[in-house]
Amino acid sequence: MSVVTLIAACFALASCGMEEQTYSALSFRMERESTYENEDHYAVGLTYMYEGTGADIVIPTIKDGIPVTEINEEGFSNQDVSSKLTTITVPEGIKKIGKAAFKNCAQLSSITLPSTLESIEADAFVGTAYYNNPENWSNGALYIGTNLIALSDTAVSGDVFTLREDTTCIAYGVFANEKELKEVRNCENLVGLSENVFSNCDALSFVFGSKIKRIGKDVLSSCDSLTSITIPVGAERIESGAFGYCKNLKTVTIPDSVKFIGEGAFVGSAAVEKQNGMYIVDGWLLESGNYYVGEQLKSDYVDISEVEDVVIPEGIRGIAVDCLRGFKSIKKLTIPASVKSICNFATESGNQNSLEVVYSGTKEEWGKIYNSDCWKRYTNIATISCSDGDIEK
């Protein structure tokens, strides 16, 4: 079954040139490319013509047989409608609330959020009546349901912070730049960590709970005390820059459940290993090229810009976003049967029309790779040559 993204309002639809469909007070559009997902997404937000209070808005969990999973940037904060919203219920199944999704909805005092959220981006609820009501804050913390939305400037007063035991998601940047913070307790029920949650927490040593699904952009970036990270089985996405510039991070364990690693997820970390000009972390091939090399690798940098025949090493399990960009002259790519996930085939060479792709496994095995048909959508590659024949576009 496909995945749906609940995203922006009508003006975003026009700018993306995608077909708009109207469902009650909401507008939908199809998208897929921006998140490198295995299946299609929908994008949706309030229409300009909406005149209600929000009580009559029903955010669907399914549209045309496709689950709804996301509310994206400014989806409900349009100036023409934000002053009219007083109540909103986001249903179970929604995974992400985007930047400023409900920002400055000044009358929005009743908000219900699901326990399935994996990411709540910057300023999602800033300026709402709920956010501005002191009665909704307890001990310097603002929760909506089981989701930690914000902390006051004095909420973190020592080197240990204890979450509510039922906390499932932490919103954008909640603990960022807390230089003295060493430990966060009660992480067992966390499903998602949003962008920048713990960035620049120099003293923090963090252990993921077993329920984590998404590790957000820059979530633990520049955390100098991190030396080892084990991603729990069941985690699915490691977003861009998640562990970037953790200069003392030497050991990383990534389970097979992870299907996506964004650009720069481990840039500048000591866990990155090099093999024939390629950068690898625990079986995942990362971005190539000098602009992603950490200080510890610059001394033995290998120029790969003239390499034409690129062979991905046996044992590689995943191909992260933009891992081929450093190979500017690539003409042939050989992929081992060990690969189980492909984020994209982006190159800098502009020669994807002539790129020859050889896969050492069978056509059936290729079909089981996560996002294996991305070459049909994002590139001009015509054929995948498998051990038992070719797959045509």
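Each value, and the rule that gives it
Residues numbered from 1 in each chain as written. Predicted model: local features only at pLDDT ≥ 70, side-chain atom pairs only at ≥ 80, totals over all residues. Heavy atoms only, no water. Core = buried A, V, L, I, M, F, W, Y, C linked by side-chain atoms within 4.5 Å. Buried < 20%, exposed > 50% of the residue type's maximum accessible area, 1.4 Å probe, protein only. Helix = DSSP H or I, 4+ residues; strand = E, 2+ residues; numbered from the N terminus. Contact = heavy atoms within 4.5 Å. pLDDT = per-residue confidence, 0-100. Pairing = 2+ DSSP bridges. Salt bridge = Lys/Arg side-chain N within 4 Å of Asp/Glu carboxyl O. Phe/Tyr/Trp six-rings, centres within 6.5 Å; stacked < 30°, edge-to-face > 60°. Lys NZ or Arg CZ within 6 Å of the ring centre and 35° of its normal.

Undergrad: Account for the nonpolar core, naming residues and giving values.
TA: Of all hydrophobic cores here, the largest spans 80 residues; its most connected members are Phe102, Phe175, Phe198, Phe243 and Phe266. For this core, the elements supplying multiple residues, two or more each, are β12 (141-144), β13 (147-151), β15 (169-170), β22 (260-261) and β24 (278-281). In this structure Phe102 touches Ile71, Phe76, Ser77, Ile88, Val90, Ile97, Leu108, Ala124, Phe125, Val126 and Thr128, once residues within four positions along its chain are discounted. Leu285, Ile312, Tyr359 and Ile391 belong to the second largest nonpolar core, which has 28 residues in total.

Undergrad: Outline the confidence of the model for the chain, supporting the account with residue identities and numerical values.
TA: Within the chain, residue pLDDT values average 83, and 79% of them lie at 70 or more. Low confidence marks residues 1-23, where pLDDT is under 50. Its contacts with residues over four positions away, or in another chain, come to 89 contacts. When the criterion is pLDDT under 50, residues 290-294 qualifies, and its contacts beyond four places in sequence or with other chains add up to twelve contacts.

Undergrad: Talk me through the sheet that holds β12; I want residue IDs and the actual numbers.
TA: What the eight strands build is an open sheet, ordered β11-β12-β13-β15-β17-β18-β20-β22; its pairing is mixed. The sheet is open, and its two borders are formed by β11 (137-138) and β22, each paired with just one other strand. In the sheet, strand β17 (residues 192-193) pairs with strand β18 (residues 214-215) via two bridges, with the strands oriented parallel. In the strand pairing of β18, Leu193 is matched with Ile215.

Undergrad: Run through the pattern of salt bridges, naming residues and quoting values.
TA: As a working rule, side chains carrying opposite charge can pair if their charged atoms are close by. Applying the stated criterion across every chain, the model contains twelve salt bridges. In this structure, Asp202 and Lys179 form a salt bridge, with 3.5 Å as the shortest nitrogen-oxygen distance. Placement of the pair is Asp202 in the loop between β17 and β18 and Lys179 in the loop between β15 and β16 (183-185), with a sequence separation of 23 residues. The partly exposed category is assigned to Lys179, whose relative accessible area is 38%. With its nearest N and O atoms 3.2 Å apart, the salt bridge here joins Arg214 to Glu239. A residue pair is termed long-range when its members are at least 10 positions apart, and Arg214 in strand β18 and Glu239 in the loop between β20 (237-238) and β21 (251-253) qualify at 25 residues. Sharing partners across several salt bridges, the network here consists of Glu118, Arg214, Arg237 and Glu239.

Undergrad: An account of the pairing of β13 is requested, with residue identities and associated values reported.
TA: Burial runs high along β13: five of the five residues are buried. Sheet analysis places β12 next to β13, joined by four bridges and oriented antiparallel. What sits directly across from Ile144, in β13, is Asn147. Following β12, the chain reverses through two residues before pairing antiparallel with β13; Gly145 in that reversal takes a positive phi of roughly 65°. Note that β13 and β15 share two bridges and pair parallel. Each bridged residue has a counterpart across the sheet, and for Leu148 the counterpart in β15 is Ile170.

Undergrad: Which residues make up the environment of Glu364, and what values do they have?
TA: Along the chain, Glu364 falls in helix α4 (residues 363-367). Exposure remark for Glu364: the relative accessible area of 56% places this residue in the exposed category.

Undergrad: Residue-level account of the packing of aromatic side chains, with values.
TA: Tallying each qualifying case throughout the model produces ten aromatic pairs. Ring plane angle 80° and centroid distance 6.3 Å describe the contact between Phe208 and Phe243, whose orientation is recorded as edge-to-face. Taken together, the residues span a long stretch of sequence, with Phe208 in the loop between β17 and β18 and Phe243 in the loop between β20 and β21 at a distance of 35 residues. An identical accessibility class is assigned to Phe208 and Phe243; each is buried. Ring centres of Tyr359 and Trp366 lie 5.1 Å apart, and the angle between their planes is 70°; this geometry places the pair in the edge-to-face category. With respect to class, Tyr359 is no different from Trp366; both count as buried. Following the ring pairs from residue to residue traces out a cluster consisting of Phe161, Phe175, Phe198, Phe206, Phe208, Phe243 and Phe266. Directly above the aromatic system of Tyr143 lies the positively charged group of Arg164, at a separation of 3.9 Å from the ring centroid. The ring of Phe260 carries Arg237 above its face, with NZ or CZ at 3.8 Å from the centroid.

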